[in-house]
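Notes for the structure review
So you can see what is in the structure, the chains are spelled out below.
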Amino acid sequence: MIHYSSSDRSFHLTNGRISYILHIMQNGQVGHRYFGKAIRLAENTSHMNEMSYRPLTAFPDENEFLFSTEHQRQEYPSPNAGDFRMPAVSIRQGNGSNISDFRYQYHCIYDGKPALSGLPASYCESPDEAATLELHLHDAITDIELTLLYTIFRDRCCIARSACFRNGGAPVDLDTAMSMGIDFYDSDFELVQFSGAWSRERHMITTPLRAGVQSVGSVRGHSSHNHNPFIILKRPDTTEHAGESYGFHLVYSGNFLSAAEVDTFGVTRVVQGIHPQNFCWHLVTGESFQTPESLVFWSDEGMNGLSQEIHTLLRTRVARGYWRDRERPILINSWEATTFHFDEEKILAFAEKARDCGVELFVLDDGWFGRRNDDTAGLGDWYPNLEKIPSGITGLSRKITAMGMQFGLWFEPEMVNKDSDLYRAHPDWILQTPKRQVSHGRNQYVLDFSRPEVVDCIYLQMEKILSEADISYVKWDMNRSMTEVYSAALSAKRQGEVFHRYILGVYDLYERLIRRFPHILFESCSSGGGRCDAGMLYYAPQCWASDTTDAHERLLIQYGTSCGYPISSIGAHVAAVPNWQTNRRTPLHTRANTAYFGAFGYELNLHWLPEEEISQIKEQIAFYKQNRRLFQFGTFYRLQSPFTYNSGAWMSVSEDGMQAVCGVYKTLNRPVCGYQKLCLRGLLPDVKYRITGGDKEYTAYGSELMYFGLLISDASSSERRPDMRETCDFDSRLYVITAELEG
Ligand code: GLA
């Protein structure tokens, strides 16, 4: 899959679907030639290089007026020596200079893919699934070796990239160490970013690229609700179903930068990696620094094609472990039902009612530990509050498992309240800058996870409870952004390392818990979707996508999230109305129709509901159990964007194409609205399907459903047709499409 051409010192990574071509430039640095649909090469690729004289260019060699780093497409550019665009690397040296000149030394090509020590990354299960190119470069002045890693997967339109520095010289400061850089030949792109806020995460925002830098990033210590590390560059005419696009996924959960810069000559540079702001890694002699991994995807099958590539890779080669391919249990979570106010009796009654409805997993959320009766106390003290739960977590978990349900528990391992035994014993364990005010968020402070002894202490507390009780699920929360970031355990020179060391501490704790409890299903959470990233997916195969449980808001959030994250990873629950976050009332069936397209569950007190709704919930659960694999692991298509239209729609198709489910979600009723028709995707043209869930049940071949489509007009018009059912704002339909065996 990786071919080296010595005549022009170029490398062609190809698997028949994509080609990625890079080369060693005349100055010994690494240049970029092509990334996109697979191409067949007649000869070497030297003709792909353009060099021409341009005014105001800086040329490194005397009597040379063609070669300049400003005009070369590069792979991992450095600053301050002719290239004025964003660098991928910047190294502050003893004499104050930040110039580096990484020149090719040698390369290795081998089957498989190496793991990145201490960091999440994609992986392969056998060496023939992937091939890796290691490019070894060297900067003579600093004596730093830089290894650029490129892995191509046999069956995926994806290249995994990262960089590793090894310092053989005097100590330096790594100010910028991105995971990847790439220079595209043109700038005819739109940037799709996934931005928002708490409870409004990952809304799709599309803007044309223009001259200059467009970027998203986080310096909050977590990947954040505000922006997601995942971005797309698409061609302006690319739709959900056709056209070219590139996806950039950083496999990392801390501060990040994903940026695109269009230069004067229409070249687009993309860099992605740890955000350089607040980052500075002091690299001493003999030490190495490994960047996180960046996964770079390509598709010419529209944004759905891109998402499907991403879903498959993230679901099967980033997520790991026992739960990776298993259907996820239907859970009920106590948070919106009880908040901090419960006792054992209440919990048992709640669980029993859920069990009777068919729920499989009961999750006890915040409030079970220490003196946690509101958000001012208890974080850090991971032992049960026996006043609330006299049987302790061990006793309670056994009572619930005896009911025939699994039991799950909430933790917020990285945080501490001042009113806690842990803080009283170790007030110096929080992130705080000497002599400065230390900000709180929700009355809580951030434990310094860059310190191994802090991570050890939390591990021991969690290990005790998880080993003593019957726990099969953990919700790992993280409820504030990090401020005044400074570690009492590190020297002044190393304070720029704290953000990254913190995340390494988080990964270390996850890794230890996963190894010790391989059967526990972890769900990541950060006030909902504040740490929904590919890094987390390596440890927790699902993520509580948002604290918004309102069905309409969820439609937007899940629509955006589905662009970059597999459906099985999107935690989605049915909650009560009026909704907590929006005060909106949506029909119960719409709440379920939205949450089905995710790791499904409930987040409400079933005792509040009338019998009629309880029967509806029983039916929902039975229906989801029957179709769970289809929802969680089917091929997902976005059909109609709720960001653009009054109705949003999506569907999932089984691997063999014999079954599908399609959800159509209306926002508001409109008078005298137009007729609506929706073309389905991914069905088998010559298979006859039965369609239920609409106004009438009928059969149709896949070709009709895909090319003519489904009629989805609704009866909100002032003239109602008798064959249409009553409808309301936020109504939805779920069409079930099942192949009929023909004799
Ligand atoms: C965060 C989570 C919620 C819930 C609360 C508990 O906000 O996102 O789901 O667990 O914390 O305090």
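Look above for the structure.
So, here's what we can say about the structure. (Residues numbered from 1 in each chain as written. Predicted model: local features only at pLDDT ≥ 70, side-chain atom pairs only at ≥ 80, totals over all residues. Heavy atoms only, no water.)

1. Things to note about unusual backbone geometry
- The omega torsion of the bond from Val-577 to Pro-578 falls at -10 degrees, within 30 degrees of zero and hence cis.
- By secondary structure assignment, the location of Pro-578 is in the loop between β29 (570-575) and α10 (588-595).
- Positive phi, close to 65 degrees, is recorded for Leu-56, a residue that is not glycine.
- A relative accessible area of 83% means that Leu-56 is categorised as exposed.
- Even without being a glycine, Arg-442 presents a positive backbone phi close to 50 degrees. (Helix = DSSP H or I, 4+ residues; strand = E, 2+ residues; numbered from the N terminus. Buried < 20%, exposed > 50% of the residue type's maximum accessible area, 1.4 Å probe, protein only.)

2. Describing the nonpolar core
- By size, the foremost hydrophobic cluster in this structure holds 191 residues, and its most contacted members are Phe-165, Leu-364 and Trp-368.
- For Leu-364, the residues in contact, after removing those within four places along its chain, are Ser-334, Phe-342, Ile-347, Ile-389, Ile-393, Leu-396, Phe-407, Gly-408, Leu-409 and Trp-410.
- By size, the runner-up hydrophobic cluster in this structure holds 22 residues, among which are Ala-649, Ala-660, Ala-700 and Ile-737. (Core = buried A, V, L, I, M, F, W, Y, C linked by side-chain atoms within 4.5 Å. Contact = heavy atoms within 4.5 Å.)

3. Re the site of the ligand
- Around the ligand, a shell composed of 13 residues is seen, among which Asp-365, Asp-366, Arg-442, Lys-475 and Asp-547 lie nearest.
- Here an oxygen atom of the ligand sits 2.8 Å away from a polar atom, N or O, in the side chain of Arg-442.
- Note that an oxygen atom of the ligand is positioned 3.4 Å from one of the side-chain N or O atoms of Trp-544.
- For the ligand, the accessible surface in isolation is 300 Å², of which the surrounding protein chains cover 96%.
- Classifying every residue of the shell around the ligand gives four nonpolar, three polar and six charged. (Near = heavy atom within 4 Å. Polar contact = N/O pair within 3.5 Å; in protein donor to acceptor, adjacent residues only side chain to side chain. Areas by Shrake-Rupley, 256 points an atom, 1.4 Å probe, with all protein chains shown as cover. Nonpolar A, V, L, I, M, F, W, Y, C, P; charged D, E, K, R; others polar.)

4. As for the packing of α10 against helix α11 (residues 611-633)
- One can describe the packing of α10 onto α11 by two numbers: an axis separation of 11 Å at closest approach and a directional angle of 20 degrees. Comparing the axis directions of α10 and α11 gives the class roughly parallel. Note that α10 runs across α11; the crossing there is right-handed. On the side of α10, the interface is formed by Leu-588, His-589 and Ala-592, while α11 contributes Glu-613, Gln-616, Ile-617 and Gln-620.
- Of the residues belonging to the contact of α10 with α11, the class tally is three nonpolar, three polar and one charged. (Axes fitted to C-alpha atoms, helices over the stretch in contact; angles between N-to-C directions. Parallel < 35°, antiparallel > 145°, perpendicular 65-115°, else oblique. Left-handed = near helix turned anticlockwise from the far one by under 90°.)

5. Overview of the pattern of salt bridges
- One pass over the full model with this rule turns up 55 salt bridges.
- Of the charged contacts in the structure, one is a salt bridge between Arg-154 and Asp-128, with a shortest N-O distance of 3.3 Å. Within this pair, whereas Arg-154 is found in the loop between β8 (144-153) and β9 (158-167), its partner Asp-128 is found in the loop between β6 (103-111) and β7 (130-139), the two being separated by 26 residues in sequence.
- By relative accessible area, which is 46% here, Asp-128 ends up partly exposed.
- Each of Asp-83, Arg-85, Asp-183, Asp-263 and Arg-269 takes part in salt bridges that share partners, so that together they form one network. (Salt bridge = Lys/Arg side-chain N within 4 Å of Asp/Glu carboxyl O.)

6. Things to note about the sheet that holds strand β31 (residues 635-640)
- Across the sheet, which stays open at both edges, the six strands sit in the order β31-β32-β33-β38-β35-β36 with antiparallel pairing between neighbours. Only two strands of the sheet have a single partner each, and these edge strands are β31 and β36 (698-701). Each adjacent strand pair in this sheet contributes to an overall mean axis angle of 20 degrees, direction not counted.
- Examined bridge by bridge, β31 and strand β32 (residues 647-653) share five bridges and lie antiparallel to one another. Residue pairing in the sheet places Arg-638 in a bridge with Trp-650 of β32. (Pairing = 2+ DSSP bridges.)

Structural measurements only, silent on function.
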